[in-house]
Amino acid sequence: LYSLLGALSHLITNDWEWAFWVISLIASTLLVIPIYYLAEELHGSKSARLSAFLVCAWPWLVDYGSRIAPEALAVTLWFTSIWLLYRGIQGSRFHLVLAPIAFFALHLSRPEGTFLMLGSPLAAIILCYRRDRAHWARLAVYTGVILMLTAVYAVVMKSILGSVTVSYRAPMSGDIFDYFRRGAIPLVKTFMRLNFDVLPVMLGPLLLVFFGVGFFRYSDESRKPRLETFILFFCLIRWGLTLANFSPEPRYVMTVVIALSLWSVKGIELLQHRAFYW
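Cut-off values and rules
Residues numbered from 1 in each chain as written. Predicted model: local features only at pLDDT ≥ 70, side-chain atom pairs only at ≥ 80, totals over all residues. Heavy atoms only, no water. Helix = DSSP H or I, 4+ residues; strand = E, 2+ residues; numbered from the N terminus. Buried < 20%, exposed > 50% of the residue type's maximum accessible area, 1.4 Å probe, protein only. Contact = heavy atoms within 4.5 Å. Axes fitted to C-alpha atoms, helices over the stretch in contact; angles between N-to-C directions. Parallel < 35°, antiparallel > 145°, perpendicular 65-115°, else oblique. Left-handed = near helix turned anticlockwise from the far one by under 90°. Nonpolar A, V, L, I, M, F, W, Y, C, P; charged D, E, K, R; others polar. Core = buried A, V, L, I, M, F, W, Y, C linked by side-chain atoms within 4.5 Å. Polar contact = N/O pair within 3.5 Å; in protein donor to acceptor, adjacent residues only side chain to side chain. Expected span 1.5 Å × (residues − 1). Arc of directions from axis to C-beta.

Trainee: Is there a simple way to explain the overall build of the protein in this structure?
Mentor: Summing up its helical and strand segments, the protein has 13 helices and 0 strands in all. Its C-alpha atoms give the protein principal-axis dimensions of roughly 70 × 50 × 45 Å. The buried share of the protein, reckoned over its 278 residues, is 45%. Once local pairs closer than 6 in sequence are excluded, the contacts in the protein between residues at least 24 apart make up 73%.

Trainee: Teacher, can you tell me more about unusual backbone geometry here?
Mentor: Across the chain, the bulk of peptide bonds are trans and the bulk of non-glycine residues have phi less than zero. Here Asn 14, not a glycine, exhibits a phi torsion of approximately 60°, which is positive. Topologically, Asn 14 is positioned in the loop between helix 1 (2-13) and helix 2 (16-30). Assessed through its relative accessible area of 61%, Asn 14 is described here as exposed. We note that Arg 130 has phi near 60°; this positive angle belongs to a residue other than glycine. Tracing the backbone through its elements, the reader meets Arg 130 in the loop between helix 8 (112-128) and helix 9 (133-161). Take Arg 130: its relative accessible area is 71%, and that puts it in the exposed class.

Trainee: It is not clear to me how the environment of Asn 245 should be interpreted in this structure. Could you clarify?
Mentor: Among the secondary structure elements, Asn 245 is positioned in the loop between helix 12 (225-244) and helix 13 (254-277). What makes Asn 245 partly exposed here is its relative accessible area of 34%. For the pair formed by Asn 245 and Ile 258, sequence separation is 13 residues and the distance between their alpha carbons is 20 Å.

Trainee: It is not clear to me how the packing of helix 6 (residues 71-90) against helix 7 (residues 93-109) should be interpreted in this structure. Could you clarify?
Mentor: Relative orientation and spacing of two packed helices are given, respectively, by the angle between their axes and the distance between those axes. At a closest axis distance of 8 Å, the pairing of helix 6 and helix 7 adopts a crossing angle of 155°. With respect to each other, helix 6 and helix 7 are oriented roughly antiparallel. The hand of the helix 6/helix 7 crossing is left-handed. Mapping the contact onto sequence places Leu 73, Ala 74, Leu 77, Trp 78, Ser 81, Ile 82, Trp 83, Leu 84, Leu 85, Arg 87, Gly 88 and Ile 89 in helix 6 and His 95, Leu 96, Leu 98, Ala 99, Ala 102, Phe 103, Ala 105, Leu 106 and Ser 109 in helix 7. Residues of the contact of helix 6 with helix 7, tallied by class, amount to 16 nonpolar, 4 polar and 1 charged.

Trainee: Just to check I follow, could you spell out the nonpolar core for this structure?
Mentor: Most often, soluble globular proteins have nonpolar side chains that are buried together. One finds Trp 78, Phe 79, Leu 85, Phe 230, Ile 231, Phe 234 and Ile 258 to be the most contacted residues of the largest nonpolar core, which totals 71 residues. Sort the elements by how many residues they give to this core and helix 6 lands first, with 13 residues. With residues up to four places along the chain from it excluded, the contact list for Phe 234 reads Trp 78, Ile 82, Leu 85, Phe 103, Leu 116, Ser 120 and Ala 123.

Trainee: Quick question: what am I supposed to make of the environment of Asp 63 here?
Mentor: Secondary-structure assignment places Asp 63 in helix 5 (residues 59-64). Polar side-chain contacts of Asp 63 include one of 2.8 Å to the side chain of Arg 67.

Trainee: I would appreciate a short explanation of helix 2 in the present structure.
Mentor: An α-helical turn contains 3.6 residues, so a residue and the one three or four places further along point in the same direction. End to end, helix 2 covers 22 Å across 15 residues, agreeing with the expected 21 Å (1.5 Å per residue, within 8%). Regarding helix 2, the residues found buried are Ala 19, Phe 20, Ile 23, Ser 24, Ala 27 and Ser 28. One side of helix 2 carries all its buried residues, which in axial view fall inside an arc of 165°. Residues of helix 2 that are exposed and point over 90 degrees away from its buried face: Glu 17, Trp 18 and Thr 29. Of the surrounding secondary structure, the elements contacted by the buried residues of helix 2 are helix 1, helix 5 and helix 6. Capping of helix 2 at its N-terminal end is provided by Asp 15; its side-chain oxygen lies 3.1 Å from the backbone amide nitrogen of Glu 17.

So this is what it looks like as structure tokens:
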């Protein structure tokens, strides 16, 4: 998808480097929109404004918006897809139509997008559990569309490549044996570096502390545990794929860090409110 958009941009700019840089810049800028709506639904309008400001000023994301790489596009599609699916399951037909399209675009933008797309119906079960039939009907429609898009894509790949495939990162039969042949040590090293080096450094000491305040606060009526669990489910998929890839690089967990920052912003709001009364 990034290559296609870059090629279309090149029709206007006539310079390949500028063409792809513009796509990264536009994608990174558009991230503000899904972040604002997710944060507003999760924690309210004040946290939404703080979250929007945070993603505008965050050096990691400024760097993403300046790269000739698909990461900025994938990050924006990640949060857009989650927001559209949440609103679609809640009852918006417009969002329900756009959700599978957004997840399919995510699948085309990055290899891990395939697993996020195929795992999205499981995540949506969180939103439907102990809800009325209408929620489950919307989930069934969404799942059917996702399966149809996946099947069509596999057939197209069969006609182009000569073999059925959904993602070039999907493991082949020989890859599974090679994966277990490595043993547990590389997996442990990846786990340690990811959880105790990469994620803490990317969040930074302040956002890490604020995350603790925002996430582990006492439950109140304003909390939305379904939506929180829904977002964290996608974070878990991304975290697990990073472990499985044995490559805990910052660019692989940027979406997780941004998602966690939504609770950091809530922590900032809570402490600001408490300090005002002190």
